[in-house]
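Chain residues, written in single-letter form:
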Amino acid sequence: DKIEEMGYKTYSLQAVLEPMQETSNMLQLVLGCIGGVSMLVSAISIANTMIMSIYERTKEIGILRALGASKSNISQVFNAETFIIGCCSGLIGIIISLLSLHPINAIISLLTEITDLDAKLPFGAAVILIIISIIITIIGGLIPSRKAAKKDPVVALRTE
């Protein structure tokens, strides 16, 4: 009461934390949207890469079909490729993250003077990130693999 009489306002901790929580929620939403857009762009670029791979390997597709491979076999070849690409890209991302954790921790410690900062990548999160990478690449490769399976073997063999 005496503090308010002197002209100072008092605030409860909740009144201070609510705007901070709202800002944090908004920041999470914005970063989530950026992540979603980057995943969409990633899937589109994987699809583009697979379409170019199919275009360059049209003769190979024709030979496989002429040797008796079914449409589903051709589709499985390209789906397996996208799965491998997803595994490798996920692992590369995790390795880069693990290698950059220590320098980033050091930089943040220097800038903020927090001495006990130790950001880590939990094993479960790393596995989830690899699974997400695989799912995105498989989604990006579904349409191109179907397109490859539908190629006419005779036309594919004539391609140079």
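Placed above this text is the structure.
Note that the structure is predicted; figures quoted are calculated from it, not measured.

The topology assignment puts Arg158 in helix α6 (residues 153-158). Remark: the alpha-carbon pair of Arg158 and Lys59, spanning 99 residues in sequence, is separated by 7.3 Å.

In contact at an axis separation of 10 Å, helix α3 (residues 58-66) and helix α4 (residues 71-112) are set at 140° when each is read in the N-to-C sense. Looking at the two axes, α3 sits oblique to α4. When you trace α3 past α4, the crossing you get is right-handed. The residues of α4 that touch α3, namely those facing Ile61, Leu64 and Arg65, are Lys71, Ile74 and Phe78. Of the residues assigned to the contact of α3 with α4, the class counts are 4 nonpolar, no polar and 2 charged.

Now for helix α2 (residues 13-56). Across its 44 residues, α2 extends 64 Å between first and last C-alpha, which sits within 8% of the 64 Å expected from 1.5 Å per residue. The complete set of buried residues in α2 reads Ala43, Ile46, Ala47, Met50, Ser53 and Ile54. Here the buried face of α2 lies against α3, α4 and α5 (123-149).

Between α2 and α4, the least distance of the axes is 12 Å, while the angle of their chain directions is 135°. On the basis of the axis angle, α2 is oblique to α4. The two elements α2 and α4 meet at a crossing, and its hand is right-handed. For the pair α2 and α4, the contacting residues are Met50, Ser53 and Ile54 in the first and Phe78, Glu81, Thr82 and Ile85 in the second. Tallied by class, residues from the contact of α2 with α4 come to 4 nonpolar, 2 polar and 1 charged.

Time to look at the nonpolar core. In terms of nonpolar packing, the biggest core is built from 11 residues, these being Ala43, Ile46, Met50, Ile54, Ile61, Ala69, Ile74, Phe78, Ile136, Ala148 and Ala149. Of all the elements in the fold, those that place two or more residues in this core are α2, α4 and α5. For this core, the leading source of residues is α2, giving 4 residues. Those residues within four positions of Met50 in sequence are excluded, and the remaining contacts are Phe78, Glu81, Thr82, Ile85, Gly141 and Pro144.

Each value, and the rule that gives it
Within each chain, residues carry numbers counting from 1 in the order of the written sequence. Given that the model is predicted, a residue must reach a pLDDT of at least 70 before its local features are reported, and side-chain atom pairs must reach 80 or more before they are shown or counted; all residues, however, enter totals for whole chains, interfaces and linings. Computation of side-chain values covers all heavy atoms of the structure but excludes hydrogens and water. Strands here are runs of E lasting at least two residues and helices are runs of H or I lasting at least four, both read from the DSSP assignment and numbered beginning at the N terminus. With axes taken as lines fitted to C-alpha atoms, and helix axes fitted only over the stretch in contact, angles between N-to-C directions fall between 0 and 180 degrees. Between 65 and 115 degrees an angle is taken as roughly perpendicular, under 35 as roughly parallel, over 145 as roughly antiparallel, and anywhere else as oblique. Crossing handedness is read from the near helix: turned anticlockwise from the far helix by less than a right angle, it gives a left-handed crossing, and turned clockwise, a right-handed one. In what follows, residue pairs with any heavy atoms lying within 4.5 Å of each other are defined as contacts. Here the nonpolar group is Ala, Val, Leu, Ile, Met, Phe, Trp, Tyr, Cys and Pro; Asp, Glu, Lys and Arg are the charged ones; every other residue, Gly included, is treated as polar. Between the first and last residue of a helix there are one fewer steps than residues, each counted as 1.5 Å, and that sum is the expected span. Burial classes: relative accessible area under 20% of the type maximum marks a residue as buried, over 50% as exposed, and values in between as partly exposed (1.4 Å probe, protein chains only). Take the buried residues of types Ala, Val, Leu, Ile, Met, Phe, Trp, Tyr and Cys, join any two whose side-chain atoms come within 4.5 Å, and each joined set is a nonpolar core.

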